[in-house]
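Fold and geometry: a report
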Amino acid sequence: MIAKSNDPGTRLNTDRMQHPSGHVNAPISDSAMFAFSTGAEMTEMFEVGIAGRFLYSRHANPSCAALAAKLAAMEATEAAIVIASGMSAIACAILQVCSAGDHIIASRTVYGGTYALLENFLPRFGITTSFIDINDQTALNDAMQPNTKMLFAETMSNPLLAVCDIPNLSAFAHSNGLTLMIDNTFAPLICSPAMHGADIVIHSLTKYINGMGDHLGGVICGTENLIQSLMDVNSGATMLLGPSMDAGVAADIRKNLQSLPVRVRQHSANALKVGSRLQASGFRVVYPGLESHPDHLRLQTLSNEGYGAGAVLTLDCGTRERADSLMQHLKDAGLGFLAVSLGYVHTLFSMPACSTSSEIPAAERERMGLSEGFVRFSIGIDADGDWLASEIAAIATKVLL
Ligand code: PLP
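Note that the structure is predicted; figures quoted are calculated from it, not measured.

What about the domain arrangement of the protein chain?
Assigned domains within the protein chain: domain 1 (8-30 + 61-257) and domain 2 (260-400). The centre of domain 1, based on its C-alpha atoms, is set 24 Å off from the matching centre of domain 2. Counting from both sides, the interface comprises 43 residues of domain 1 and, opposite them, 43 residues of domain 2. Interface area, domain 1 with domain 2, both sides summed: about 3,400 Å², of which 66% is carbon and sulfur. By the criterion of area lost to domain 2, the three top residues of domain 1 are L160, I190 and Y208, representing 22% of everything that side buries. Our count for the domain 1 to domain 2 interface comes out at one salt bridge. Our count for the domain 1 to domain 2 interface comes out at 18 residue pairs in polar contact (both at pLDDT 80 or more). At four residues, helix α5 (residues 112-121) tops the list of elements feeding residues into the side of domain 1 that touches domain 2. Residues belonging to the side of domain 1 that touches domain 2 are distributed by class as follows: 26 nonpolar, 14 polar and three charged.

Pasting the structure below:
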């Protein structure tokens, strides 16, 4: 009954039943390999698999499988596999779907590491990418090639928070025989891309999903066939490239995941207060929770009720020097960390043009509208939102006006 809930936060808790041994948190399976009773059993496991059994933790591990099951339930996909980082999730999913000679159409406004993978690394293996404004239908039509295999976008782009039109991308992908892959790192619980037609949903678990700033992790959510193909001992990208998640890390992330609904609601509530206050003080704020954001309405139509618009907002400080000065003052006032990443308990701030988007060439950043004077905030949940909003706005007013 729980698994069918429309609320992704409720779907997360499909494993609320008490463990037979009485543990409320499942024991950690710290085994690299798993033993068999007979040679015949081992052969059967290698040849066809045995339900509920494991052979080697690079292939699958009970703690990792338990975390993956929760994330598949959250994203409403048939299955999922957890992996060492968000980048390895993106790379393995692409390499499983695409081969040499294939082409990808990607949003121009992707995370810098993803941009570098698509633009610099994958062409060495014969996989090329066209970067476009993913919500521009003409650009989509024009980018199609006979060898196009995949469409790739982030639910909310980094750092401009453009919201992609997933139903439209899904219709386009499926009428052209393409796979639609969505990076939902910026919008866990807020949006369920598979329910709008995405075929593959990936996350960097390093961000909100773990939320504690201590582990790297990633997940690929998709059909049972896709996940089995990734694990295939002869041809699976996760099995053969080997970016496995450690069982202890999986157990930690699984525990932290239980508070994700509460954390996302609080991040969004605090960020909305900070964004509204900064905007009211006369600053140019980019936050899809605000009516001033061009994709505010699109986010509302795509989002699940009650989770808001997330922690991330961007403030245009005009120049790099002013952005630097603001961050220094915020840091000195103890309001957060001058650090990349997002979805952490504490507030984080960074300049995307010089950090998480620095892999994107300056001309491309200009086309995206990403100025050097932008400061990206990930608003934390460690303080009262009204207090945080008035403190940040007071410092911004002193430094920037
Ligand atoms: N996707 C997005 C949207 C990101 O912001 C990041 C990292 O910042 C990644 C993927 C990569 O994740 P990881 O750092 O866990 O490899």
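After that view, the rundown keeps rolling.
Quick word on the packing of aromatic side chains
All told, the structure shown has four aromatic pairs when counted by the stated rule. With a centroid separation of 4.5 Å and 35° between ring planes, the pair formed by Y115 and F131 is classed as tilted. Within this pair, whereas Y115 is found in helix α5, its partner F131 is found in strand β3 (residues 128-132), the two being separated by 16 residues in sequence. F131 shares its class with Y115; the two are buried.

Remarks on the nonpolar core
Core analysis: the largest hydrophobic core is formed by 84 residues, its most contacted members being L151, L278, L326 and F377. The greatest single-element share of this core, amounting to eight residues, is contributed by helix α15 (residues 385-400). Two domains share this core, each providing at least three of its residues, namely domain 1 (8-30 + 61-257) and domain 2 (260-400). Ranked by size, the runner-up nonpolar core spans 40 residues in total, among them I83, Y115, M150 and M231.

Some remarks on the site of the ligand
Taken together, 13 residues form the shell around the ligand, and within it M87, D183, S204, T206 and K207 come nearest. Take T206: an N or O atom from its side chain is 2.6 Å from an oxygen atom of the ligand. Between the ligand and K207 there is a distance of 2.8 Å, counted from an oxygen atom to a side-chain nitrogen or oxygen. Here the residues of the shell around the ligand sort into four nonpolar, six polar and three charged.

Some details on the pattern of salt bridges
Applying the stated rule across the entire model yields nine salt bridges. Between E364 and R367 there is a salt bridge whose closest N-O contact spans 2.6 Å. A residue pair is termed a helical-turn pair when its members lie 3 or 4 positions apart in one helix, as E364 and R367 do in helix α14 (residues 362-368) at three residues. Residues joined by salt bridges that share partners form a network here, namely R108, E364 and R367.

Overview of a nonpolar patch on the surface
Taken together, the side chains of M42, F46 and V233 define a hydrophobic patch exposed on the protein surface, amounting to about 260 Å² of accessible area. With respect to the secondary-structure elements, V233 resides in the loop between α8 (224-231) and α9 (237-241).

Focus on the sheet that holds strand β7 (residues 218-222)
Within the open sheet, the seven strands sit side by side as β1-β7-β6-β5-β4-β2-β3. Their pairing is mixed. Because the sheet does not close on itself, it has two edges, and the strands there are β1 (79-83) and β3. Pairwise comparison of adjacent strand axes, ignoring direction, gives a mean angle of 20° for this sheet. Note that strand β2 (residues 103-107) and strand β4 (residues 148-154) share four bridges and pair parallel. Residue pairing for β4: I105 is matched across the bridge by L151. Taken strand by strand, helix α7 (residues 166-175) contacts β4 and β5 (179-183), and its axis lies near 155° from that of β5. Sitting on the sheet, α8 touches β1, β6 (200-204) and β7, and the angle it makes with β7 is about 135°.

Focus: the sheet that holds strand β8 (residues 284-286)
Read across the open sheet, the five strands follow the order β8-β9-β12-β11-β10; overall the sheet is mixed. Each having just a single partner strand, β8 and β10 (337-338) make up the two edges of the open sheet. Direction of pairing for strand β9 (residues 312-316) relative to strand β12 (residues 374-378): antiparallel, over a ladder of five bridges. The residue bridging L313 from the neighbouring strand is F377, located in β12. With respect to the sheet, helix α11 (residues 260-280) is in contact with β8 and β9, its orientation differing from that of β9 by roughly 15°.

Let's talk about the pairing of β1
The side chains of a regular strand alternate between the sheet's two faces. The buried fraction of β1 is high, at five of five residues. Residues A79, I81 and I83 point to one face of β1 and A80 and V82 to the other, with burial holding for every one of them. In this structure, β1 lies alongside β7, joined through five bridges in antiparallel fashion. The partner of V82 across the bridge, within β7, is V219.

Points about the side chain of N270
In this structure, N270 sits in helix α11. Within polar-contact distance, the side chain of N270 engages the backbone oxygen of A383 at 3.1 Å.

Some details on the side chain of H203
Inspection of the secondary structure puts H203 in strand β6. Side chain to side chain, H203 and E75 meet in a polar contact 2.5 Å long. In this view, H203 contacts M74, E75, G86, A89, N184, T185, P188, I209, G217, G218 and V219; residues no more than four positions away in its chain are not counted.

Rules of the game
- Each chain carries its own residue numbering, running from 1 in the direction its sequence is written.
- Residues qualify for local features only when their pLDDT is at least 70, as the model is predicted, and side-chain atom pairs are given and counted only at 80 or more; totals for whole chains, interfaces and linings, by contrast, use all residues.
- Side-chain measures were taken over the full set of non-hydrogen atoms in the model, leaving aside hydrogen atoms and water.
- Residue ranges for the domains originate in an automatic or database domain assignment.
- In this description, contact between two residues means that some pair of their heavy atoms is separated by no more than 4.5 Å.
- When two components associate, each loses some accessible surface as probed by a 1.4 Å sphere; the sum of these losses over both components is called the buried area.
- When a carboxyl oxygen of Asp or Glu is within 4 Å of a side-chain nitrogen of Lys or Arg, the pair counts as a salt bridge.
- Polar contact is defined as a pair of N or O atoms within 3.5 Å, subject to the rule that within protein one atom must be able to donate a hydrogen and the other to accept it, and that residues adjacent in sequence are counted only when both atoms are side-chain atoms.
- Strands here are runs of E lasting at least two residues and helices are runs of H or I lasting at least four, both read from the DSSP assignment and numbered beginning at the N terminus.
- Classes in brief: Ala, Val, Leu, Ile, Met, Phe, Trp, Tyr, Cys and Pro nonpolar; Asp, Glu, Lys and Arg charged; the others, Gly included, polar.
- Stacked, edge-to-face and tilted are the three classes for Phe, Tyr and Trp ring pairs, Trp counted by its six-membered ring, which pair at centre distances within 6.5 Å; planes under 30 degrees apart are stacked, over 60 edge-to-face, the rest tilted.
- Each residue's exposure class comes from its accessible area (1.4 Å probe, protein chains only) as a fraction of the maximum for that residue type: buried when under 20%, exposed when over 50%, partly exposed otherwise.
- To qualify as a nonpolar core, a set must consist of buried Ala, Val, Leu, Ile, Met, Phe, Trp, Tyr and Cys residues joined through side-chain atoms within 4.5 Å.
- Nearness is defined per residue: one heavy atom within 4 Å of the molecule or strand is enough.
- What makes a patch is a set of residues exposed beyond 30% relative accessible area and free of salt bridges, joined within 9 Å when like-charged and within 5 Å when nonpolar (Val, Leu, Ile, Met, Phe, Trp, Tyr).
- Areas reported here follow the Shrake-Rupley algorithm with a probe of radius 1.4 Å; residue values treat only the protein chains shown as occluding.
- Two strands make a pair as long as DSSP finds a minimum of two bridges between them.
- Lines fitted to C-alpha atoms define the axes, with helix axes restricted to the stretch in contact, and inter-axis angles between N-to-C directions lie between 0 and 180 degrees.

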